[in-house]
Structure formats: C-alpha cells, structure tokens
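For reference, the chains in residue letters:
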Amino acid sequence: MIRFEQVSKTYPGGFQALNRVNFHVAAGELAFLTGHSGAGKSTLLRLVALMERPTLGRVLINGHDLNKISRRQVPYLRRDIGMIFQDHRLLMDKTVFDNVALPLYIEGYTQSEARKRVQAALDKVGLGGQERKYPIMLSGGEQQRVGIARAIVNKPPLLLADEPTGNLDPSLSLEIMNLFESFHQVGVSVLIATHDLALVARMRHRNLVLRNGAMIDDGLASGAYEPLDEESF
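Conventions adopted
Residues numbered from 1 in each chain as written. Predicted model: local features only at pLDDT ≥ 70, side-chain atom pairs only at ≥ 80, totals over all residues. Heavy atoms only, no water. UniProt positions renumbered as here; feature names shortened; annotations may be inferred. Helix = DSSP H or I, 4+ residues; strand = E, 2+ residues; numbered from the N terminus. Buried < 20%, exposed > 50% of the residue type's maximum accessible area, 1.4 Å probe, protein only. Salt bridge = Lys/Arg side-chain N within 4 Å of Asp/Glu carboxyl O. Pairing = 2+ DSSP bridges. Phe/Tyr/Trp six-rings, centres within 6.5 Å; stacked < 30°, edge-to-face > 60°. Lys NZ or Arg CZ within 6 Å of the ring centre and 35° of its normal. Expected span 1.5 Å × (residues − 1). Arc of directions from axis to C-beta. Contact = heavy atoms within 4.5 Å. Core = buried A, V, L, I, M, F, W, Y, C linked by side-chain atoms within 4.5 Å. Axes fitted to C-alpha atoms, helices over the stretch in contact; angles between N-to-C directions.

As recorded in an unreviewed UniProt entry, the protein chain goes by Cell division ATP-binding protein FtsE and comes from Aliidiomarina iranensis. Per UniProt, the comment on the protein chain under Subunit (unreviewed entry) is "Homodimer. Forms a membrane-associated complex with FtsX."

Rendered as structure tokens:
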C-alpha cells in the first residue's frame, strides 16, 4: 500500500527533513510512526498524502509512483486517502453533518447518498444523532471523532493520522486508538504518527522510528498486545 524507496526531502534553504528513507506498509496493515519533534514524521505523511513531493527517491501508493502523477491526477488519488489531523481542522460555522459530508460534496455525491454515508460514518465513530450540532458544542474528543468520520466517509483504503491523540487525555486517546484498530480489522491500511509511546508499546503493530530524518528502526513495538482499558494508565 505504501512504499518508500531511498526517499529524501530537502526544503529551500537546505534543511533535510528526510534522508534516504526505506519502508513498506502492506495493504490492511496498521503501523505507528514515532520519533522526536522534528524527526520528519509530518513530512513523511505529507509525502504520502501528495501534499509534498520527494527531492530524491520514489514514493508508491497502491502501486502508483507519485513521481509520475500529474497535478490533474492528484485529486483522484487522494480519494483513496483519509487524513486525520491533531487540530481537527473542522469548519466551525458548519454543522457536524456538513463537516463530514464535505469530501462527498466535492466528489459530486447526491444529497441522498451523502446522507447515508455521513450517518454510517458518524455511527462508526460513536456520534450518531449529533448531525445538527456545531463543533463548538462538542468536546475535544468528539471533535476529533468528527474529523475521523470525515476521513472515512468515502471509505478510503488508507488512513493517515498525524498526532491524532496529541490534545487528548489518556482515556480519550485510548478510545481513538481503539477506533483505528477497528478500521484495521476490516482491512483498512492505517499509518499513525504519534508521540504517545505508552499506547504504541501496548499494541502489537510495527513501530517505524525516525531520528533526524532517517529511519532507524522498523520492528514490532515492544510488549504483547492486549485489549486496552483505562486502568492501563
């Protein structure tokens, strides 16, 4: 699903965010991406999401070489990628329904089909019945769930999450991680950039570790997986 081959990214001014990174995330796999602040996690996700292009090397998504994707093709490829941000990036003057339906409106879905998909996405993240509320009326955890519902509403095969629990307390972080686990269990590929090493260590998934733009580890997180609960913290 995701393959990096000797990928480097250098920004104007000479700052090298990534240095010859190699890794592969298979279809249906869940993996974590960890590292210190500035290690290159967000840059890596931006490359996968076609928000940036590599300076050197190849990035392949579902068999597509992103170096060969034209600007006109980018929106079509992005339909297969759901992106979740730490700060939610919700439209505060729009209802929960309209926030979640936004990708569907862009793709030209009918109102009837959009309503069905939005309802299914909100039910999936535990927000059924909240369609008419505005984001300001929701808690931080609920706002993050709206962002996740928006990312999954068009059923993409790949989810990217950039510090999705960064602003949440441990119990809410647990709920969000369990949501990602549920997506993985039905065959969605999930890549999560996070500083939450306590959660990573409790789950039996690969932990890709970046340091100063280089991939220094690509193994399983330590510790056996077991169902997470609030008492774990």
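A. Region of the structure containing the environment of G129. Here G129 lies in the loop between α4 (111-124) and α5 (140-152). Assessed through its relative accessible area of 57%, G129 is described here as exposed. The sequence separation of G129 and E52 amounts to 77 residues, and the corresponding C-alpha distance is 37 Å.

B. Molecular detail of the pattern of salt bridges. Enumeration according to the criterion identifies 9 salt bridges in this entry. A salt bridge links R58 to D65; its shortest N-O distance comes to 3.3 Å. Here D65 falls in the buried class, since its relative accessible area comes to 11%. R117 is the salt-bridge partner of E113, the closest N and O atoms lying 3.3 Å from each other. Here E113 and its partner R117 are both found in helix α4, 4 residues apart, which amounts to about one turn of the helix. The exposure class assigned to E113 is partly exposed, which follows from its relative accessible area of 29%. Residue R117 is classed as buried on the basis of its relative accessible area of 18%. By sharing partners, the salt bridges in this structure join E5, R58 and D65 into a single network.

C. View of the pairing of strand β2 (residues 16-25). Sheet topology note: the strand β1 (residues 2-10)/β2 ladder contains 6 bridges and is antiparallel. Pairing of T10 across the sheet is with Q16, part of β2.

D. Structural view of the packing of aromatic side chains. Using the criterion set out here, one finds 2 aromatic pairs in the structure. Centroid distance F180 to F183: 6.4 Å. Interplanar angle 70°. Geometry classified as edge-to-face. Taken together, the positions of F180 and F183, both in helix α6 (residues 170-185) and 3 residues apart, correspond to about one turn of that helix. Assigned by exposure class, F180 and F183 land together as buried. For K9, the ring lying beneath its charged end belongs to Y11, and the centroid distance is 5.2 Å. It is R89 that lies over the ring of F85; its NZ or CZ is 3.8 Å from the centre.

E. Looking closely at α4. When the terminal C-alpha atoms of α4 are compared, their 20 Å separation across 14 residues agrees well with the 20 Å that a helix rising 1.5 Å per residue should span. Buried within α4 are the following residues: A114, R117, V118, A121 and L122. Down the axis of α4, the sector holding all buried residues measures 130°, keeping them to one side. Where the residues of α4 are buried, they touch α3 (96-107) and α5. Directly after α4, the chain includes G126, whose backbone phi takes a positive value near 80°.

F. Up close: the nonpolar core. Judged by nonpolar contacts, the single largest core of 36 residues is most densely connected at V100, I148, F180 and F183. Every element with two or more residues in this core is listed here: β3 (30-35), α3, α4, α5, β7 (158-162), α6, β8 (189-193) and α7 (197-201). With 33 residues, the next largest nonpolar core counts L47, A49, I69 and V74 among its residues.

G. Here's a closer look at the sheet that holds strand β4 (residues 56-61). Sheet architecture is open: 4 strands sit in the order β2-β1-β4-β5, paired in antiparallel fashion. With one partner strand each, in any of the chains shown, β2 and β5 (64-65) form the two edges of the open sheet. Seen against the sheet, helix α1 (residues 41-48) touches β1, β2 and β4 and runs at an angle of roughly 120° to β1.

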